[in-house]
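Residues per chain, in single letters:
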Amino acid sequence: MQLLDGKLVSGIIKETLQVEVEALQRQGLRPPHLAAILVGEHPASKAYVASKIKTCEYLQFKSTLIRLNEDVSESYLLEQIQALNESDEVDGILVQLPLPAHIREHRVIEAIRPEKDVDGFHPVNQGRLLAGLPSLLPATPYGILLLLEHYQIPTAGMHCVVLGRSNIVGTPMSVLMSRNTYPGNCTVTLCHSKTNDLASYCREADLLIAAIGKAGFVKADMVKPGAVVVDVGINRGPSASSPQGYRLTGDVDFDAVAPKCSWITPVPGGVGLMTICGLMKNTLKA
Ligand code: NDP
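Bear in mind the structure is a predicted one, so any value in this text is a computation, not a measurement.

Okay, the overall build of the protein next. Looking only at helices and strands, the protein features 10 helices and 11 strands. Computed over C-alpha atoms, the radius of gyration of the protein comes to 19 Å, within 12% of the 19 Å expected from 2.2 N^0.38 for 286 residues, which places it in the range of a compact globule. In terms of principal-axis extent, the alpha carbons of the protein reach across some 50 × 40 × 40 Å. In the protein, buried positions account for 49% of the 286 residues. Nonlocal contacts in the protein, meaning residues at least 24 apart in sequence, comprise 69% of its contacts between residues at least 6 apart.

And the structure:
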């Protein structure tokens, strides 16, 4: 078993991004500028936004964090997005999800100019992805592609089984893996909570991508020997030994599954770090 090491690969990608920012500066151009909007006090959301801002600082991107109260009105949030859409100084906009229940997520996503939609969630970007046109790819699937590419995983002809059909991970991942590109050219099965005998599909997978949000869901007897396993899940479980009082685990029972795999991502240190790389590459592109 070998690790698909998100820490290592994200470090390499960040180095290339730094070189590109320096090249912009030499041409007298300003660095990329990411604006993030965080609504409320959701602990995981605060941690995700903080690490995105920290990465901007590391790369010498400009960043702006707009923090809004949990009870902010939808219309006020939309006004903030409009101002960022109109600013020539801002290249990328992200609104950290999930949003409070009184705010319609689709209205917020649709309000972001597609050219600045660095999370790749806007229907225009999702539609362009589906049509095989250039677009800003959703950051997590994009990060997974970068990881598979770095390790030159020979995906063509593989049976790829994706667990989870969300608009931000599972569904775009399934589309990308079925495209006639590299990484891609897989035969794809997309499973979800209504799939009958999901384990039987998993056992057929040469490439298994788990994105369901259920800690340790994928067990060793669900994995074909020699499979490539990508664990997207980030689940917080209690931990008396960690200073934060919690620890992160994936959707895959890593200790039991890893010995059966050819390649596997750890959690943490896998897809999460690659997602931030996808976001930063999108911001530079935007
Ligand atoms: P969602 O909750 O939006 O979607 C979960 C999907 O999993 C749904 O399609 C659901 O099916 C399916 N599902 C849930 N339970 C089961 C089950 N028992 N069997 C089969 N399918 C099931 O989640 P996201 O896609 O947003 O995120 C998935 C996981 O990935 C989470 O742990 C999240 O924290 C993590 N994540 C990690 C990122 C990273 O950077 N590493 C980025 C984004 C997410 P149905 O549609 O039928 O309800």
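Right, picking up where we left off after that structure.
The final tally for this structure, using the stated rule, is one aromatic pair. Pairing tyrosine 151 with tryptophan 263 gives two aromatic rings, centres 5.1 Å apart and planes at 50 degrees, and the pair type is tilted. Note that tyrosine 151 is positioned in the loop between helix 6 (139-150) and strand 5 (159-163) and tryptophan 263 in strand 11 (residues 263-264), a separation of 112 residues in sequence. Assessed through its relative accessible area of 17%, tryptophan 263 is described here as buried. When the ring centre of tyrosine 246 is taken as reference, the NZ or CZ atom of arginine 236 above it lies at 3.9 Å.

Counting residues in each nonpolar core, the largest one holds 49 residues, and the members touching the most others are Met177, Leu207, Ile209, Val230 and Met280. Other than its neighbours up to four places away in sequence, leucine 207 contacts Leu148, Thr155, Met158, His159, Cys160, Val161, Met177, Cys186, Val228 and Val230. Residues Ala35, Leu78, Leu99 and Ile109 belong to the second largest nonpolar core, which totals 20 residues.

Moving on to the site of the ligand. In the vicinity of the ligand there are 21 residues, among which Arg165, Ser166, Ser193, Val232 and Thr275 approach most closely. At 2.5 Å, a side-chain N or O of serine 193 approaches an oxygen atom of the ligand. A distance of 3.2 Å separates a nitrogen atom of the ligand from a polar backbone atom of valine 232. Here the ligand, which alone exposes 930 Å², has 71% of that area covered by the protein. Take the shell around the ligand: its biggest share by element is three residues, from helix 10 (residues 271-285).

We now examine the side chain of aspartate 91. Looking at the secondary structure, you find aspartate 91 in the loop between helix 3 (74-86) and strand 4 (92-95). Residue classification places aspartate 91 among the buried positions, given a relative accessible area of 14%. At a separation of 2.7 Å, a polar atom in the side chain of aspartate 91 contacts the main-chain amide nitrogen of histidine 33. Excluding residues within four positions of it along the chain, aspartate 91 makes contact with Arg30, Pro31, Pro32, His33, Glu115, Lys116, Thr283 and Ala286.

Taking strand neighbours across the sheet as the criterion, the six strands line up as 1-11-8-7-5-6 in an open arrangement whose pairing is parallel. Since the sheet does not close on itself, it has two edges, and those belong to strand 1 (2-3) and strand 6 (187-191), each with one partner. As defined by bridge partners, strand 5 adjoins strand 7 (residues 207-210) across four bridges and the pair is classed as parallel. When the sheet's bridge partners are listed, leucine 163 is paired in strand 7 with alanine 210. Against the sheet, helix 7 (residues 170-178) contacts strand 5, strand 6 and strand 7, and its axis sits at roughly 170 degrees relative to strand 6.

Calculation notes
Residues numbered from 1 in each chain as written. Predicted model: local features only at pLDDT ≥ 70, side-chain atom pairs only at ≥ 80, totals over all residues. Heavy atoms only, no water. Helix = DSSP H or I, 4+ residues; strand = E, 2+ residues; numbered from the N terminus. Rg over C-alpha atoms; globule rule 2.2 N^0.38 Å. Buried < 20%, exposed > 50% of the residue type's maximum accessible area, 1.4 Å probe, protein only. Contact = heavy atoms within 4.5 Å. Phe/Tyr/Trp six-rings, centres within 6.5 Å; stacked < 30°, edge-to-face > 60°. Lys NZ or Arg CZ within 6 Å of the ring centre and 35° of its normal. Core = buried A, V, L, I, M, F, W, Y, C linked by side-chain atoms within 4.5 Å. Near = heavy atom within 4 Å. Polar contact = N/O pair within 3.5 Å; in protein donor to acceptor, adjacent residues only side chain to side chain. Areas by Shrake-Rupley, 256 points an atom, 1.4 Å probe, with all protein chains shown as cover. Pairing = 2+ DSSP bridges. Axes fitted to C-alpha atoms, helices over the stretch in contact; angles between N-to-C directions.

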